[in-house]
Amino acid sequence: MPALDDILQQKLLVLESKHQRRTLKETQREDGIRVLRNGKELISFSCNDYLGLSKHPEVIAAGIEALAEFGAGAGASRLVTGNNSLYEELEARLAAYKGTQAACVFGSGYLANMGTIPALVGKGDLILADKLVHACMIDAAKLSGASVMRFAHNNLDHCRMLLESNRSDHHQCIILTETVFSMDGDRAPVEALRALARHHDTWVMTDDAHGLGVIPRHMSSADIQMGTLSKGAGVYGGYVCGSQMLVDYLKTAARTLVFSTGLPPSVVACANAALSIIAEDSDLVALPLANARQFTSLLGLEVAQSAIVPLVMKENEKALEASALLEERGFLVAAIRPPTVPENTARLRFAFSALHEPEHIEELVAIIKEQGWAKEQADL
Ligand SMILES: *Cc1c(COP(=O)(O)O)cnc(C)c1O
């Protein structure tokens, strides 16, 4: 029998031949946009810390205070002894911000999806997921045991068709989508999906990972509003907002909440400080989208709908080369490849921060024009 390492080496070689092998690169984030790699300072367009809150003095101070008062770890799952007093504040803040009755905080966004979806649907139920939803929604859908069908990206007609032909064969049905799509930066027609869902006795669940702190606050009609505290809020942790009944149910039925340790108290304290800034500083929150729009306007691309803008280059190799060229010129822009995105849609993905200066964007745009990358975009 071949040794474990031999088999794994074979697997890695296959990935390498497809330019799909990934490796970790040590990166020191100096602030919201400046990072150090191999001793070189780069302006990053690949951080999800859209508002720079991971380095905000008030957020850090809140964490230090909680670390001293509560210690390093939660000590147990929330249902046992890990549910310190900071959680109540965080869940109240989240519910108030989203305009829902209640909120439930999980260990991460990934854990929120993995706990929530299988708690709501299972064998005999139906999941309709947008073609481009995040891997953790798909993993959760598979784990649930429900039938999973995918509708073409943001395509209401396709979703309706799937409902009309399949809804009646199943008990419960849920539609999964994202408020802001993480690799394309476009937004889902949430209210239209909700109207369609209502017609077919179906729930809608949204993943707002890239919306919080970036997309102007609005009340959503989605039944289940999931998100993360690791991006716009700059900290860590996941959440689900919705009715009090939904939250009460998840706190007893979501296995990733029940069987996993609570967040470190300092992380919860940082999230509280970050949310208070997001709720109060609307000028700050408007900046990432304004910067993304500056970029798309200078390049003649479609107007940005979020802080994320992709430049699709198709081949993995091409995206990797473009990313390497940008790094040489002082910019960190990740190349995103399959399986994160569909085959033949490898891309540069730009994430705009409140901290980017006009000069950063202008310099980046000059390189993109010089390389003709945006022109190719229009031809796709
Ligand atoms: C990042 C992300 C997640 C996972 O959130 P974490 O808190 O990082 O685990 C879930 N969904 C989407 C769309 C994301 O982009």
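Residues numbered from 1 in each chain as written. Predicted model: local features only at pLDDT ≥ 70, side-chain atom pairs only at ≥ 80, totals over all residues. Heavy atoms only, no water.

**Notes on the overall build of the protein**
And step 1. Within the protein, the secondary structure is distributed over 15 helices and 14 strands.
And step 2. By the compact-globule yardstick of 21 Å for 380 residues, the protein fits well, its C-alpha radius of gyration being 21 Å.
And step 3. With the principal axes as the frame, the protein shows a C-alpha extent of 55 × 55 × 55 Å.
And step 4. The proportion of buried residues among the 380 residues of the protein is 52%.
And step 5. Across the protein, contacts joining residues at least 24 apart in sequence account for 68% of those joining residues at least 6 apart.
And step 6. Of the roughly 17,500 Å² of accessible surface on the protein, 53% is carried by carbon and sulfur atoms.
And step 7. One finds the centroid of the 35 positive side-chain charges in the protein at a distance of 5 Å from the centroid of its 46 negative side-chain charges. (Helix = DSSP H or I, 4+ residues; strand = E, 2+ residues; numbered from the N terminus. Rg over C-alpha atoms; globule rule 2.2 N^0.38 Å. Buried < 20%, exposed > 50% of the residue type's maximum accessible area, 1.4 Å probe, protein only. Contact = heavy atoms within 4.5 Å. Areas by Shrake-Rupley, 256 points an atom, 1.4 Å probe, with all protein chains shown as cover. Lys, Arg positive; Asp, Glu negative; His and termini not counted. Charge placed at Lys NZ, Arg CZ, Asp CG, Glu CD.)

**Digging into helix α11 (residues 265–280)**
Note on helix geometry: an α-helix contains 3.6 residues per turn, so any two residues three or four positions apart are oriented the same way.
And step 1. Its 16 residues place the ends of α11 23 Å apart at the C-alpha level, agreeing with the 22 Å of an ideal helix rising 1.5 Å per residue.
And step 2. Burial within α11 is extensive, with 14 of its 16 residues counted as buried. (Expected span 1.5 Å × (residues − 1).)

**Description of the sheet that holds strand β6 (residues 147–151)**
And step 1. The strand order across the open sheet formed by seven strands is β4-β10-β9-β8-β7-β5-β6, and the pairing between neighbours is mixed. Both outer strands of the open sheet, β4 (102–106) and β6, are each paired with one neighbouring strand and no more. In this sheet, adjacent strand axes meet at a mean angle of 20 degrees when their direction is disregarded.
And step 2. Across the face of the sheet, helix α8 (residues 190–199) comes into contact with β6, β7 (173–178) and β8 (203–207) while running at roughly 160 degrees to β8. (Pairing = 2+ DSSP bridges. Axes fitted to C-alpha atoms, helices over the stretch in contact; angles between N-to-C directions.)

**Here we look at empty space enclosed by the protein**
And step 1. Taken as a whole, this structure holds two cavities of 30 Å³ or more when the rule is applied.
And step 2. Within this model, the largest cavity holds a volume of roughly 200 Å³.
And step 3. Around the largest cavity sit 16 residues that line it, and K98, D208, R217, H218 and Q225 are the ones nearest its centre.
And step 4. Of all the secondary-structure elements, those providing two or more residues to the lining of the largest cavity are α4 (85–98) and β9 (224–228). (1 Å grid on protein atoms, 1.4 Å probe; cavity = no way out; pocket = protein on both sides within 12 Å on 5 of 7 lines; lining within 4 Å. Points joined across faces, edges and corners; volume = space filled by probe spheres on them.)

**What to know about a nonpolar patch on the surface**
And step 1. A cluster of nonpolar side chains, L4, I7 and L8, forms an exposed patch at the surface whose accessible area comes to about 270 Å².
And step 2. On the secondary structure map, I7 appears in helix α1 (residues 4–17). (Patch = residues over 30% accessible without salt bridge, like charges linked within 9 Å, V, L, I, M, F, W, Y side chains within 5 Å. Salt bridge = Lys/Arg side-chain N within 4 Å of Asp/Glu carboxyl O.)

**Side note on the nonpolar core**
And step 1. By size, the foremost hydrophobic cluster in this structure holds 44 residues, and its most contacted members are I127, L128, I175 and L176.
And step 2. Looking at this core, the element that brings in the most residues is helix α5 (residues 109–120), giving five residues.
And step 3. Residue contacts for I127: discarding those within four places in its chain leaves I117, V121, A141, S144, A146, S147, V148, M149, I174 and L176.
And step 4. Counting 39 residues, the second largest nonpolar core, distinct from the first, contains Y87, V105, V214 and L263. (Core = buried A, V, L, I, M, F, W, Y, C linked by side-chain atoms within 4.5 Å.)

**Side note on the pattern of salt bridges**
And step 1. Under the defined criterion, the tally for this structure stands at twelve salt bridges.
And step 2. Residues R21 and E16 are paired through a salt bridge, measuring 2.9 Å at the closest nitrogen-oxygen approach.
And step 3. In this structure, D208 and K98 form a salt bridge, with 2.6 Å as the shortest nitrogen-oxygen distance. With a gap of 110 residues between them, D208 in the loop between β8 and β9 and K98 in helix α4 connect regions that are remote in the sequence.

**Observations concerning α8**
And step 1. Along α8, the residues classified as buried are V190, L193, R194, L196 and A197. All buried residues of α8 project into a common sector of 165 degrees when viewed along the axis, lining one side. Across α8 from its buried face, at more than 90 degrees, point the exposed residues R198 and H199.
And step 2. Turning to α8, the residues buried within the fold contact β6, α7 (156–166), β7 and β8.
And step 3. Directly beyond the C-terminal end of α8, a positive phi value near 55 degrees is found at D201. (Arc of directions from axis to C-beta.)

So far we have only geometry, and geometry alone does not tell us how the molecule works.
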